[in-house]
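Observations on chain architecture
Listed below, chain by chain, are the residues.
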Amino acid sequence: VRALLLLALSADPDLDAWLARIRAVGAEGEGHAEAGEAVRKVVARGPDALLPTLAAFDGAGPRAQNWLRGAVDALAAAGKADAKALEAFLLDRRRSGEGRFAAYEILVRLDPAAPGRLLPGMLDEAGRELRREAVAQALKGAEGKPEALRKLLPSARDVDQVGAIVKQLKSAGIETDLHAHYGVVARWTLLASFDNAGMKGFDAAYPPEAGVDLRTRPAGKGGAPVRAVPHETKDPAGKVDLNAVLGKEMSAVAYAFAVVESDEERSVELRVGTNNAVKVFLNGKLGAFRNEYHHGMKMDQYVARGTLRKGRNEILLKLCQNEQKDDWAQSWSFQARLCDALGGAVPFRSAGP
Amino acid sequence: VTLLALLLALCDDWPQFRGPGGRGVSAETELPVRWSKDQGLRWTAELPGVGLSSPVVAGGRVYLTACSGFEQERLHVLCFDAATGARLWERSFRATGSTQCNKKTNMAAPTPAADASRVFALFATGDLAALDRDGVLLWYRSLAGDYPTIGNNVGMAASPVLHGDTLLVAMENVGESFAAAIDARTGRNLWKHPRSAKINWTTPFVWTRAGRPEALFQSPNELTAYDVASGSRLWTHAAEKLSTIPSPVAADGLVFAPGGPFTALRPGDGAVAKAWEAPALPAATASPTFHQGRVYAVDNTGIVTCADAADGKILWKVRTKGPHSASPVVAEGRLYLLNEAGATAVLSLSEEGKQIALNELGEPMMASPAVSGGAIYLRSDRRLIRISR
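Here the structure is a predicted model, which means the values were calculated and not measured.

Check the secondary structure of chain A and you find 13 helices and 11 strands. Across the 353 residues that make up chain A, the buried fraction comes to 51%. Excluding contacts between residues fewer than 6 apart, the proportion of contacts in chain A whose partners are at least 24 apart in sequence is 73%. With an accessible surface of roughly 15700 Å², chain A has 52% of that area assigned to carbon and sulfur atoms. Taking the average place of the 49 positive charges on the side chains of chain A and the average place of its 46 negative ones, the gap between the two points comes to 2 Å.

This part is about the interface of chain B and chain A. At the interface, 34 residues of chain B touch 37 residues of chain A. Of the roughly 2800 Å² buried where chain B meets chain A, counting both sides, 50% is carbon and sulfur surface. In terms of surface lost to chain A, no three residues of chain B exceed Phe70, Arg94 and Asn153 of chain B, which account for 22% of the buried area on that side. For the salt bridge of arginine 74 of chain B with glutamate 105 of chain A, the shortest nitrogen-to-oxygen distance reads 2.2 Å. In this structure, the connection of chain B to chain A is made through 16 residue pairs in polar contact (both at pLDDT 80 or more). Listing elements by their share of the side of chain B that touches chain A, those giving two or more residues are strand E6 (87-94), strand E10 (137-142) and helix H2 (143-146) of chain B. It is E10 of chain B that contributes the most residues to the side of chain B that touches chain A, six residues altogether. Partitioned by chemical class, the residues of the side of chain B that touches chain A number 12 nonpolar, 13 polar and nine charged.

All names here are of chain B. Strand order in this open sheet of four strands is E2-E33-E32-E31, and the pairing throughout is antiparallel. The open sheet is flanked by strand E2 (41-46) and strand E31 (370-372), the only strands paired with a single partner. When strand polarity is set aside, the average angle formed by the axes of neighbouring strands in this sheet is 20°. As paired elements, E2 and strand E33 (residues 383-388) share five bridges and run antiparallel to each other. Counterpart to tryptophan 43 in the pairing with E33 is arginine 386.

In this section: the sheet that holds strand E5 (residues 266-274) of chain A. Sheets are built from strands paired through backbone hydrogen bonds, the pairs being either parallel or antiparallel. Residue and element names in this part refer to chain A. Spatially, four strands are ordered E3-E10-E5-E8 in an open sheet, and the strand pairing comes out antiparallel. Each of the sheet's edge strands pairs with one partner strand only, and the pair in question is strand E3 (240-241) and strand E8 (302-308). Where E3 and strand E10 (residues 333-339) come together, two bridges link them in antiparallel fashion. Bridge pairing in E10 places valine 240 opposite phenylalanine 334.

What follows concerns helix H2 (residues 13-23) of chain A. All names here are of chain A. What H2 keeps buried is the set Leu15, Trp18, Leu19 and Ile22. Taken end-on, H2 shows its buried residues confined to a sector of 95°, consistent with a single buried face. Close packing links the buried residues of H2 with helix H3 (32-45), helix H4 (50-55) and helix H5 (62-78).

Right, let's get into the packing of aromatic side chains. Residues and elements named next belong to chain B. Going through the model one piece at a time under the given rule, you end up with 17 aromatic pairs over all chains. Residues phenylalanine 217 and tyrosine 226 carry aromatic rings whose centres are separated by 5.6 Å and whose planes lie at 75° to one another, so their mutual orientation is edge-to-face. For the pair phenylalanine 217 and tyrosine 226, a shared accessibility class is recorded, and that class is buried. Seen in terms of ring centroids, phenylalanine 262 and tryptophan 276 are 6.3 Å apart; in terms of plane orientation they differ by 10°. Their pairing is stacked. Pair noted here: phenylalanine 262 is in strand E21 (residues 262-267) and tryptophan 276 is in strand E22 (residues 272-278), with a separation of 14 residues, a long-range link.

This brings us to the confidence of the model for chain B. All names here are of chain B. Of all residues in chain B, 97% attain a pLDDT of 70 or more, and the chain-wide mean is 95. For residues 6-10, every residue scores under 50 in pLDDT, and the model assigns this stretch four contacts once sequence neighbours within four places are set aside. Overall fold confidence for the complex sits at a pTM of 0.95, while the interface term, ipTM, reaches 0.95.

Turning our attention to the side chain of aspartate 81 of chain B. Within the secondary structure layout, aspartate 81 of chain B lies in strand E5 (residues 74-81). For aspartate 81 of chain B, the residues in contact, after removing those within four places along its chain, are Trp43, Gly60, Ala86 and Leu88 of chain B.

On to the pairing of E6 of chain B. The two faces of a sheet get side chains in turn, since along a regular strand they alternate between them. Residue and element names in this part refer to chain B. Pairing of E5 with E6, which is carried by seven bridges, proceeds in the antiparallel orientation. Bridge pairing in E6 places phenylalanine 80 opposite arginine 87. Taken together, E5 and the strand that follows it, E6, pair antiparallel across an intervening segment of five residues, in which glycine 85 is found at a positive phi of about 80°.

Moving on, we get to the packing of H2 of chain A against H5 of chain A. Residue and element names in this part refer to chain A. Following both chains from N to C, one finds H2 and H5 inclined at 135°, their axes separated by 8 Å at the closest point. Of the possible angle classes, the one that applies to H2 and H5 is oblique. From H2, Leu19, Ile22 and Arg23 reach across to H5, where they touch Ala64, Trp67 and Leu68. In terms of residue class, the contact of H2 with H5 is made up of five nonpolar, no polar and one charged.

This part covers the nonpolar core. Counting residues in each nonpolar core, the largest one holds 83 residues, and the members touching the most others are Ile22, Leu54, Trp67 and Leu86 of chain A together with Leu167 of chain B. For this core, the element with the highest residue contribution is H5 of chain A, accounting for eight residues. Beyond its immediate stretch of four places on either side in the chain, tryptophan 67 of chain A contacts Ile22, Val25, His32, Ala35, Gly36 and Val39 of chain A together with Leu137, Leu138, Trp139 and Tyr140 of chain B.

With that settled, consider the environment of alanine 179 of chain B. All names here are of chain B. Within the secondary structure, alanine 179 sits in strand E13 (residues 178-183). The sequence separation of alanine 179 and lysine 192 amounts to 13 residues, and the corresponding C-alpha distance is 5.7 Å. Ignoring sequence-local partners within four residues, the contact set of alanine 179 consists of Val169, Trp191, Lys192, His193, Arg195, Phe217 and Tyr226.

The next point concerns the pattern of salt bridges. It is possible for side chains of opposite charge to pair when their charged atoms get near one another. All names here are of chain A. Following the criterion strictly, the structure yields 54 salt bridges over all chains and no others. For arginine 95, the salt bridge goes to aspartate 58, with nearest N and O atoms at 3.0 Å. Highlighted residues: arginine 95 in the loop between helix H6 (83-90) and helix H7 (97-110) and aspartate 58 in the loop between H4 and H5, separated in sequence by 37 residues. We classify aspartate 58 as buried; its relative accessible area is 5%. With a shortest N-O distance of 3.5 Å, glutamate 125 and arginine 93 are connected by a salt bridge.

Residues and elements named next belong to chain B. Of all six residues in E33, six are buried; the element is thus mostly enclosed. Here strand E32 (residues 375-379) runs beside E33; their pairing, made up of five bridges, is antiparallel. The residue of E33 that forms the bridge with alanine 375 is serine 388. Here E32 folds back onto E33 in antiparallel fashion, the turn holding three residues.

Turning to the environment of glycine 19 of chain B, a few remarks are in order. In this structure, glycine 19 of chain B sits in the loop between helix H1 (2-10) and strand E1 (25-26). Between the alpha carbons of glycine 19 of chain B and alanine 370 of chain B there is a distance of 6.9 Å; along the sequence they are 351 residues apart.

Residue and element names in this part refer to chain B. Summarising the element assignment, serine 219 is placed in strand E16 (residues 212-219). With a relative accessible area of 2%, serine 219 lands in the buried category. At a separation of 2.7 Å, a polar atom in the side chain of serine 219 contacts the side chain of glutamate 172. A polar contact is formed between the side chain of serine 219 and the side chain of arginine 195, at a distance of 2.8 Å. In this view, serine 219 contacts Glu172, Arg195, Ser196, Asn200 and Leu242; residues no more than four positions away in its chain are not counted.

Reading the values: the criteria
- Residues numbered from 1 in each chain as written.
- Chains lettered and ligands numbered in written order.
- Predicted model: local features only at pLDDT ≥ 70, side-chain atom pairs only at ≥ 80, totals over all residues.
- Heavy atoms only, no water.
- Helix = DSSP H or I, 4+ residues; strand = E, 2+ residues; numbered from the N terminus.
- Buried < 20%, exposed > 50% of the residue type's maximum accessible area, 1.4 Å probe, protein only.
- Contact = heavy atoms within 4.5 Å.
- Areas by Shrake-Rupley, 256 points an atom, 1.4 Å probe, with all protein chains shown as cover.
- Lys, Arg positive; Asp, Glu negative; His and termini not counted.
- Charge placed at Lys NZ, Arg CZ, Asp CG, Glu CD.
- Buried area = accessible area lost by both parts, 1.4 Å probe.
- Salt bridge = Lys/Arg side-chain N within 4 Å of Asp/Glu carboxyl O.
- Polar contact = N/O pair within 3.5 Å; in protein donor to acceptor, adjacent residues only side chain to side chain.
- Nonpolar A, V, L, I, M, F, W, Y, C, P; charged D, E, K, R; others polar.
- Pairing = 2+ DSSP bridges.
- Axes fitted to C-alpha atoms, helices over the stretch in contact; angles between N-to-C directions.
- Arc of directions from axis to C-beta.
- Phe/Tyr/Trp six-rings, centres within 6.5 Å; stacked < 30°, edge-to-face > 60°.
- pLDDT = per-residue confidence, 0-100.
- Parallel < 35°, antiparallel > 145°, perpendicular 65-115°, else oblique.
- Core = buried A, V, L, I, M, F, W, Y, C linked by side-chain atoms within 4.5 Å.

Here you go:
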């Protein structure tokens with residue numbers, strides 16, 4: 001389909017070859033000199049090369065897409081683009097969200113009325129930037145209108161837009177289930193604690209990393225049996241304060257374990273926020289990690305991409321607290337959610353443990 | 001305007017963080033001493049986003065980076081005509097690395113590097129774009145794509161430095177830390193060496209010693225000189241507490257390394273001797289300046305300290321209006337010091353730092369000034385400003 005879509009926009013084999021060369025850029029500068037030469041030739045083609053270059057975003061990775069953006073910006077500046085053709089491209093949902101957003105930005109410069117005309121139909125966009133623009137415009141129109149805000153909320157993905165809607169709904173006396181909206185994993189068993197003296201616990205593979213068995217209590221910090229503490233967070237964003245639940249502890253490692261069930265197999269992002277060094281496992285596979293302490297916590301800080309199996313799935317988070325004494329270095333907390341690539345909650349059921 | 005453009009092309013460029021020698025020193029003359037919101041601003045240009053990067057000037061063009069968007073994911077490279085302030089082109093990219101950072105910084109923190117025909121724009125996300133002077137993309141590297149663990153949650157800020165066709169990049173962070181030289185023509189690595197996995201914002205410094213260009217990389221526990229061409233390690237100074245924000249400078253056979261304490265090193269053949277230590281010389285956010293046998297350093301509150309570069313003896317101290325993040329610039333016997341409120345104190349170096357002007361623009365500024373073509377360039381989050389007579 002992608003090849004057919006490209007053919008539909010370009011009958012120029014040279015241009016196709018140059019765009020293919022750009023899309024083929026690899027890591028550590030591989031193919032960059034050749035791709036640079038290809039960019040120069042594409043740009044020299046002038047505005048006629050714009051739509052084929054936008055089409056080349058389809059299926060390209062983030063690296064190649066930035067190469068294409070460099071060419072698109074130069075082409076857009078080189079001459080007046082065909083607004084009708086750009087709009088048709090923008091409205092073609094078979095195209096990538098990134099290429100369509102690049103088209104949208106050029107179109108808006110040519111036709112300032114385009115957002116008002118087109119964005120209302122884009123509240124369900126799969127592309128993040130187009131979705132955000134559509135929600136932003138709708139939000140302006142929904143200010144102070146609870147029913148409109150309530151209808152808009154399911155379209156919102158970015159935390160700031162969700163927050164703005166929820167705040168207004170709350171003012172109107174309407175509560176929102178943010179756990180459902182974000183796909184928050186709320187029910188956990190917290191396994192604590194293991195040793196993190198000298199911050200060496202991050203690299204130590206303690207027993208839960210080989211598989212969690214709640215019937216056993218492995219030896220933890222100081223040889224004491226590890227506690228298993230059930231906890232369900234009521235925090236709207238799913239935050240779990242380990243200091244509050246487990247008691248304040250320094251130089252320690254805790255594991256947060258959750259089981260979720262899915263009705264079908266699907267791609268998923270397990271997104272975690274924490275101020276602490278962290279490892280994120282989905283079904284036993286390490287998907288994200290960061291050995292960094294107390295430099296800020298935010299939603300979706302670390303993303304583990306994987307597959308939610310049909311039936312039972314296990315989530316395991318390793319959360320390391322160091323021994324800093326500063327007031328700002330006492331946080332030991334996390335939040336986690338399951339969502340799609342756009343940040344929309346995926347359906348799952350907490351199944352214990 | 002044409003005459004001005006011609007004159008600009010003949011003037012010294014300011015091609016990188018802290019100017020042509022990397023020491024914050026300009027040979028320009030006829031620079032303005034006094035200006036205000038209403039006087040002396042030759043032109044201003046609105047910016048599409050925020051940034052802490054300094055403008056750089058090369059071949060009559062001013063290059064600048066900025067970032068915008070909900071998560072600062074939109075990365076802008078901008079080019080202005082130095083004579084008129086006209087925006088010649090803008091290119092934008094999307095962050096491929098993490099955009100998380102401390103509130104005081106942002107993704108457009110590293111200063112670009114340029115020469116007469118190219119500009120190299122690095123962002124805190126590890127995105128690195130090489131463009132020609134007309135904005136045509138030469139190559140683009142996603143360093144976070146190449147090395148997925150790089151990054152930190154505070155934000156990265158070390159600027160790239162261009163030496164001929166070699167682009168030097170310091171990427172020290174909690175993940176895969178490295179010092180690298182990238183071929184400016186092809187985007188490929190020339191060499192890459194691991195560095196300590198600690199957060200660090202210092203910019204490499206290139207100087208020529210014994211006829212060979214050396215690239216200095218300062219980490220908390222090590223200052224290392226690499227041969228620019230081969231990447232071979234020439235000498236190393238181990239330390240306990242070198243600074244992670246202000247960058248080193250070198251001149252007259254000495255390397256001035258901010259830290260606790262501020263240290264001057266005298267590299268020899270494979271070895272390095274400690275020339276002096278000066279605990280009273282501050283090592284805060286601003287990088288030090290060396291000029292005519294003296295070292296100038298500024299703390300975050302605005303106290304300027306001048307030391308004899310030969311022995312580290314403190315010669316004078318002057319208090320200016322802080323707080324400060326920008327690094328100072330020396331030109332025409334004056335020290336220009338921009339504070340975070342957008343006020344530039346001008347000190348006379350022949351009068352032990354006597355303040356001869358305080359030029360207030362009244363908008364937050366943290367980027368170090370650039371000096372070229374008889375003009376001083378400042379940037380805020382909102383605009384780029386050319387100040388000239």
